[in-house]
Amino acid sequence: MNIMDSIEGCFQLMGGDFTNAGTASSELKSTLSKLGVSQEVVRRAAIAAFEAEMNVIIHAVAGTMHYVVSSEEVRITLTDMGPGIEDIELAMQEGYSTAPDWVREMGWGAGMGLPNIKKNADRFKIDSVVGEGTTLEIVIYTRKD
Amino acid sequence: MLKVNDVIEKIGLDIRVSGDMHKHVTGCYISDLLSDVMAHSKDGELWITLQTHPNIVAVAVIKGLSCIVITNGRFPEPDTVKKAESENITILTTPKTTFETAGLLYNLLRSE
């Protein structure tokens, strides 16, 4: 890949909009592919973005997914107006979830999302204020070295 | 390697949405937990599930799955069909149980 300047974009996410869940991440996936980002990086970015997108749809009122692609990295930032995370360390534990039962019946809310984001990211940061919202920053390096 | 249309023909599945029928079926993953499929399925796998809501299409797109098979006589919801058509994802159904479907597929993939 040879991007001189960085390329960026933004998606709006609506809390509770399960029908359109994944639209932002699918578009991001195809954008990255078209930019010539390696398949492995596209795969990891799409998985991390989708898990984060689902969290916004499940837990928040609304949010945004912003991405920047440069020759060095893919950086995805999700900011939401949601309940916030009380205990980030606990939320990062596999199997821990605060999702309601009806969301679990859909096959979500197994407490696997945040660990899966971490697994696919090279750098991952959560900032959260209870009662205000959460910001996730996901960085995936585009260079192999 | 087997393609989606070979699998349909050989184990007898009903086509609900016809997407990319020439995609290679690299294996199979079975789960009704979407989070689990997100974490553990691999590119090109056929996914057997009981879930019928539109999010299964998004999971298949993001994970690059070859197709979705819904078992036990269940059908995809109308919104799921619409989404699969626009994303070019194949959805198949069968009256057979997940166990029977998996058994047939296991033998087919192993014989290749």
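These numbers come from a predicted model, not from an experiment. (Residues numbered from 1 in each chain as written. Chains lettered and ligands numbered in written order. Predicted model: local features only at pLDDT ≥ 70, side-chain atom pairs only at ≥ 80, totals over all residues. Heavy atoms only, no water.)

Draft legend 1. Just the overall build of chain A, in detail. For chain A, the count of helices and strands is five helices and five strands. Listing each helix as α and each strand as β along chain A from the N terminus yields β-α-α-β-β-α-α-α-β-β. For chain A, the C-alpha radius of gyration of 15 Å lies close to 15 Å, the compact-globule estimate for 145 residues. Overall, the C-alpha framework of chain A stretches about 45 × 30 × 25 Å when taken along its three principal axes. For chain A, the proportion of its 145 residues judged to be buried stands at 50%. For chain A, restricting intrachain contacts to residue pairs at least 6 apart in sequence, the fraction spanning at least 24 positions comes to 65%. About 7300 Å² of surface is accessible on chain A, with carbon and sulfur atoms providing 49% of the total. (Helix = DSSP H or I, 4+ residues; strand = E, 2+ residues; numbered from the N terminus. Rg over C-alpha atoms; globule rule 2.2 N^0.38 Å. Buried < 20%, exposed > 50% of the residue type's maximum accessible area, 1.4 Å probe, protein only. Contact = heavy atoms within 4.5 Å. Areas by Shrake-Rupley, 256 points an atom, 1.4 Å probe, with all protein chains shown as cover.)

Draft legend 2. Highlighting the interface of chain A and chain B. Taken together, the contacts link 23 residues of chain A with 21 residues of chain B. Both faces considered, chain A and chain B share a buried interface measuring about 1700 Å² in area, 58% of it formed by carbon and sulfur atoms. Seen at the junction of chain A and chain B, the total is twelve residue pairs in polar contact (both at pLDDT 80 or more). Considering every element that reaches the side of chain A that touches chain B, the biggest residue donor is helix H2 (residues 39-59) of chain A, with five residues. Looking at the side of chain A that touches chain B, its residues break down into ten nonpolar, nine polar and four charged. (Buried area = accessible area lost by both parts, 1.4 Å probe. Polar contact = N/O pair within 3.5 Å; in protein donor to acceptor, adjacent residues only side chain to side chain. Nonpolar A, V, L, I, M, F, W, Y, C, P; charged D, E, K, R; others polar.)

Draft legend 3. View of unusual backbone geometry. Residue and element names in this part refer to chain B. With a phi close to 65°, Asn72 is a non-glycine residue in the positive phi region. Among the structural elements, Asn72 can be located in the loop between strand S4 (67-70) and helix H4 (78-87). Overall, Asn72 belongs to the partly exposed group, its relative accessible area being 42%. Located in the positive-phi region is Asn88, a residue other than glycine, with phi close to 60°.

Draft legend 4. Main features of the pattern of salt bridges. Residue and element names in this part refer to chain A. If you walk through the whole model with that rule in mind, you get five salt bridges over all chains. For the salt bridge of Arg44 with Asp122, the shortest nitrogen-to-oxygen distance reads 3.0 Å. One end of the pair, Arg44, is in helix H2; the other, Asp122, is in the loop between helix H5 (113-120) and strand S4 (123-129), with 78 residues separating them in the sequence. (Salt bridge = Lys/Arg side-chain N within 4 Å of Asp/Glu carboxyl O.)

Draft legend 5. Layout of the confidence of the model for chain B. Chain-level statistics for chain B give a pLDDT mean of 97 and a share of 100% at 70 or above. We note a pTM of 0.94 for the whole complex and an ipTM of 0.91 for its interfaces. (pLDDT = per-residue confidence, 0-100.)

Draft legend 6. Structural context of the layout of surface pockets. Residue and element names in this part refer to chain A. Estimated volume of the largest pocket: approximately 640 Å³. In this structure, the largest pocket is lined by 34 residues; those nearest its centre are Asn55, His59, Ile85, Thr98 and Leu114. If one sorts the elements of the lining of the largest pocket by residue count, H2 sits on top with seven residues. Along the lines of polarity and charge, the residues of the lining of the largest pocket split into 18 nonpolar, twelve polar and four charged. By volume, the second largest pocket is sized at about 300 Å³. (1 Å grid on protein atoms, 1.4 Å probe; cavity = no way out; pocket = protein on both sides within 12 Å on 5 of 7 lines; lining within 4 Å. Points joined across faces, edges and corners; volume = space filled by probe spheres on them.)

Draft legend 7. Up close: the packing of helix H1 (residues 4-11) of chain B against helix H5 (residues 98-111) of chain B. Residue and element names in this part refer to chain B. For the pair H1 and H5, interaxial distance at closest approach is 11 Å and the crossing angle is 120°. The chirality of how H1 crosses H5 is right-handed. Where H1 abuts H5, its residues Val7, Lys10 and Ile11 lie against Thr101, Leu104, Leu105 and Leu108. Grouping the constituent residues of the contact of H1 with H5 by class yields five nonpolar, one polar and one charged. (Axes fitted to C-alpha atoms, helices over the stretch in contact; angles between N-to-C directions. Left-handed = near helix turned anticlockwise from the far one by under 90°.)

Draft legend 8. Spatial organisation of the sheet that holds strand S3 (residues 45-49) of chain B. All names here are of chain B. Read from one edge of the open sheet, five strands run S1-S5-S4-S3-S2, paired in mixed fashion. Looking at the sheet topology across the chains shown, the edges are occupied by strand S1 (14-17) and strand S2 (27-30). In this sheet, adjacent strand axes meet at a mean angle of 30° when their direction is disregarded. Pairing of S2 with S3, which is carried by four bridges, proceeds in the parallel orientation. The residue bridging Cys28 from the neighbouring strand is Leu46, located in S3. Across the sheet, helix H3 (residues 55-63) is in contact with S3, S4 and strand S5 (91-93); its angle to S4 comes to roughly 145°. (Pairing = 2+ DSSP bridges.)

Draft legend 9. Quick peek at H5 of chain A. Counting buried positions along H5 of chain A yields six of eight residues, so the element is predominantly enclosed. Within the span of H5 of chain A, buried status applies to Gly113, Leu114, Pro115, Asn116, Ile117 and Asn120 of chain A. In this fold, the buried residues of H5 of chain A make contact with H2, helix H3 (88-91), S4 and strand S5 (133-141) of chain A together with helix H2 (34-40) of chain B.

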